[in-house]
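# Inside the fold
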Amino acid sequence: MATNAFALLTGKYFPFAKIQCALFKGTERDFFIDKKEYDGCLYEQIENAYQFVLRHINLGAEINGLVRKDTYELPVTAIREMSVNAVCHRNYMDNSCIQVAVYDDRIEVTSPGMLYGGLTLEEAVSGRSKIRNRIIADIFSRMEIIEEWGTGIRRILHRA
């Protein structure tokens with residue numbers, strides 16, 4: 001028998017289980033420049049949100065001798081980690097969507113639900129984790145998207 005996690009991982013069964021992405025002009029949510037909504041399987045939502053952000057942040061280049069290497073203005077590993085964490089740890093009982101907002105000076109990822117199981121912000125920053133969606137986390141671990149060690153927030157902070 002299929003579970004809710006199976007439905008979330010494979011399709012469009014829950015209309016609120018999607019990621020809304022927006023590019024705003026300036027530093028406030030006043031004027032949209034671009035916006036998209038991504039539904040479907042969770043992995044595709046993460047990939048689409050990640051690509052949305054990459055399309056809307058600056059790409060530059062570092063030159064080391066004769067070698068040129070393209071680099072984004074923000075660490076792409078932190079962008080990926082924020083999207084994965086939002087999907088993996090959100091409260092799917094809340095009928096609202098994950099939102100990824102790109103501003104001139106920052107990116108904000110908002111995920112429905114509070115920290116799970118009495119976890120404090122200080123504990124989360126120090127590397128402690130409590131998994132709200134065990135089956136999703138297990139599948140993401142098998143797909144090598146997460147490692148289930150609670151390192152995501154520290155990784156984001158160290159790369160920013």
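These figures come from a predicted structure and were not determined experimentally. (Residues numbered from 1 in each chain as written. Predicted model: local features only at pLDDT ≥ 70, side-chain atom pairs only at ≥ 80, totals over all residues. Heavy atoms only, no water.)

### Structural notes on the pairing of strand β4 (residues 67–72)
- Counted residue by residue, β4 has zero buried out of six residues, so it is predominantly exposed.
- Sheet topology places strand β3 (residues 59–64) next to β4; six bridges connect them, and they run antiparallel. Paired with Leu-59 across the bridge in β4 is Tyr-72.
- Between β3 and the antiparallel strand that follows it, β4, lie two residues; Gly-65 among them carries a positive phi value of about 70°. (Buried < 20%, exposed > 50% of the residue type's maximum accessible area, 1.4 Å probe, protein only. Helix = DSSP H or I, 4+ residues; strand = E, 2+ residues; numbered from the N terminus. Pairing = 2+ DSSP bridges.)

### Re helix α5 (residues 134–142)
- Considered for burial, the residues of α5 that qualify are Ile-136, Ala-137 and Phe-140. Buried residues in α5, looked at end-on, bunch into an arc of 100°, giving them a common side.
- Those residues of α5 hidden inside the fold are in contact with α1 (4–10), α2 (42–56) and α3 (76–89). (Arc of directions from axis to C-beta. Contact = heavy atoms within 4.5 Å.)

### Focus on the sheet that holds strand β5 (residues 98–102)
- Pairing in this open sheet of four strands is mixed, and the strands run β2-β1-β5-β6 from one edge to the other. Only two strands of the sheet have a single neighbouring strand rather than two, namely β2 (32–38) and β6 (107–110). Each adjacent strand pair in this sheet contributes to an overall mean axis angle of 10°, direction not counted.
- In terms of strand pairing, β5 meets β6 through four bridges, oriented antiparallel. Each bridged residue has a counterpart across the sheet, and for Val-102 the counterpart in β6 is Ile-107.
- Contacts from α3 reach β1 (19–24), β5 and β6 within the one sheet, and its direction differs from that of β6 by about 15°. (Axes fitted to C-alpha atoms, helices over the stretch in contact; angles between N-to-C directions.)

### Section: the side chain of Asn-133
- As for its position among the elements, Asn-133 is in the loop between α4 (121–126) and α5.
- Here the side chain of Asn-133 touches Arg-90 through a polar contact of 2.9 Å, landing on its backbone oxygen.
- In this structure Asn-133 touches Val-87, Cys-88, His-89, Arg-90 and Tyr-92, once residues within four positions along its chain are discounted. (Polar contact = N/O pair within 3.5 Å; in protein donor to acceptor, adjacent residues only side chain to side chain.)

### Thoughts on the state of the cysteines
- A full pass over the atoms with the stated rule returns zero disulfides.
- No disulfide involves Cys-41; its sulfur sits 15 Å from the nearest other cysteine sulfur, which is in Cys-88. (Disulfide = S-S within 2.5 Å.)

### Topic: the pairing of β5
- Within β5, four of the five residues are buried, leaving the element largely enclosed by the surrounding structure.
- The pairing of β1 with β5 spans five bridges and is parallel. The residue of β5 that forms the bridge with Cys-21 is Val-100.
- If you look at the hairpin formed by β5 and β6, you'll find four residues sitting between the two strands.

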